[in-house]
Each structure stands twice: as C-alpha cells, then as structure tokens.
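Understanding the architecture of this molecule
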Amino acid sequence: MTDGTAVDTRPTKIVYVAEATAHGGRDGYVTSQDGRLDLKVAMPPELGGDGAGTNPEQLFAAGYSSCFHNALIMVGNRAGYDLSGSTVAAKVGIGPNQQRGYGLAVALSVSLPVLDPDLAAKLVDEAHEVCPYSNATRGNIDVTILLG
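Every chain's residues receive numbers from 1 upward, in the order its sequence appears when written. Note on the predicted model: pLDDT of at least 70 is required for a residue's local features to be given, and 80 or more for side-chain atom pairs to be given and counted; whole-chain, interface and lining totals, by contrast, use all residues. For the side-chain quantities, the full set of heavy atoms in the structure was used; hydrogens and water were omitted.

**Points about the overall build of the chain**
The secondary structure content of the chain amounts to three helices and six strands. We call a residue buried when its accessible area falls under 20% of the maximum for its residue type, exposed when it is over 50%, and partly exposed in between, using a 1.4 Å probe and counting protein chains only. The buried share of the chain, taken over its 148 residues, is 30%. Excluding contacts between residues fewer than 6 apart, the proportion of contacts in the chain whose partners are at least 24 apart in sequence is 47%. We get accessible surface area from the Shrake-Rupley algorithm with a probe of 1.4 Å; when it comes to residues, only the shown protein chains can shield them. Carbon and sulfur atoms make up 53% of the accessible area of the chain, which totals about 9800 Å². Of the side-chain charges in the chain, 10 are positive and 16 negative, and the distance between the mean point of each set is 5 Å. In DSSP terms, a helix is any run of H or I states spanning at least four residues, a strand is any run of E spanning at least two, and both are numbered starting from the N terminus. Note on definitions: a residue-residue contact is assigned when non-hydrogen atoms from the two residues lie within 4.5 Å. Counted as positive: Lys and Arg. Counted as negative: Asp and Glu, with His and the chain ends omitted from the count. Every charge is mapped onto a representative atom, which is NZ of Lys, CZ of Arg, CG of Asp or CD of Glu.

Have a look at this one:
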C-alpha cells in the first residue's frame, strides 16, 4: 500500500443497502426507506440558513465517526485489546473549491485513553484502512486524524 499502488477498496459483495430520500434539498427533510430516519434539514447560519434543523455535514460527521469507531473497536479486538472508553469525534467542514463547486474536509479526533500512544497510533492507522468511510473518501477529501 505504501508503494504508491492504488488499492481496490470496492466491495466484493453487497451485504446491506441503506436507502434515504431528500425532500426539498437543504431546506426540507430526509427520510429513510424503513422509517427510522425522519429529520428536518436546514442550511446552517454560516451558509445563509436559519439552522432550524440538522444538515448533511452533521449527518456525515455522525456516520463517519460511528463507522470509524466501529472499525477501531474491530481492529482492537482482533489484536486482543479492549477499547472500552474510547471515542471518535468528527468535524466536517464545507467550503468552496477551485472548480466553482464545494468540497469537504474531515478531522477525526480519536481518544484511546487506556493505550500507549504508539499502540494507539498503530490501531488508528489500521482502522483507517478498514473503515468504509475512510476508503470512500481517500484521495477525494482531506481527512486529518488527531490522536489525543
């Protein structure tokens, strides 16, 4: 992987499909096919909205942080470590890009209070290779991982 060769991270078999529908864009609501998700969405004030609902960046932050945390717990368990008390927080930023569109940047803050820093860094690196969100975003957006 470190030799610069691209690694194919596409799934070999689809085992689950999530379905969601947006109604009204950033000033509307989103629903999931199974009815478990039904949220008002609104533009944040920083983007000219009233902030009276969640927004896609918050949903992406929630998804990425929970997915990365699960990948971290999985690689920790495989290596024989209990990662109880660990957390992953995500910050997702949005802003204009050079192609007259918008881009995202992510900062993941990982807390592994029970592990030595070198071991924690090793597990975080492994989780970054396993996590589907990390694989989907790699090379597309800036992802910074802070271990503290």
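So, next bit.
**A short note on the packing of aromatic side chains**
When two rings of Phe, Tyr or Trp (its six-membered ring) have centres within 6.5 Å they constitute a pair, described as stacked for plane angles under 30 degrees, edge-to-face for angles over 60, and tilted for the intermediate range. Counting across every chain of the model gives three aromatic pairs. Each ring, one from F60 and one from Y133, has its centre 5.7 Å from the other, and the planes form 50°; the classification is tilted. Residue F60 is located in helix α1 (residues 56–78), and its partner Y133 is located in helix α3 (residues 132–137); the two are separated by 73 residues in the primary sequence. Note on Y133: relative accessible area 29%, which makes it partly exposed. Here the aromatic cluster, defined as three or more aromatic residues joined through ring pairs, consists of F60, Y64 and Y133.

**Overview of the sheet that holds strand β5 (residues 102–111)**
Here we have three strands laid out as an open sheet, ordered β4-β5-β6, and mixed in their pairing. Edge positions in the open sheet fall to β4 (87–96) and β6 (142–147), since each of these has one partner strand only. If you compare each strand with its neighbour and ignore which way they point, the axes differ by 15° on average. In this fold α1 packs onto β4, β5 and β6, with an angle of close to 145° to the strand it touches most, β4. Most of the contacts of helix α2 (residues 117–130) go to β6, to which it runs at about 155°, and overall it touches β5 and β6. One requirement defines pairing of two strands: DSSP has to find at least two bridges between them. Whenever a helix is involved, its axis is fitted only over the stretch in contact; in every case the axis is a line through C-alpha atoms, and angles between N-to-C directions fall within 0 to 180 degrees.

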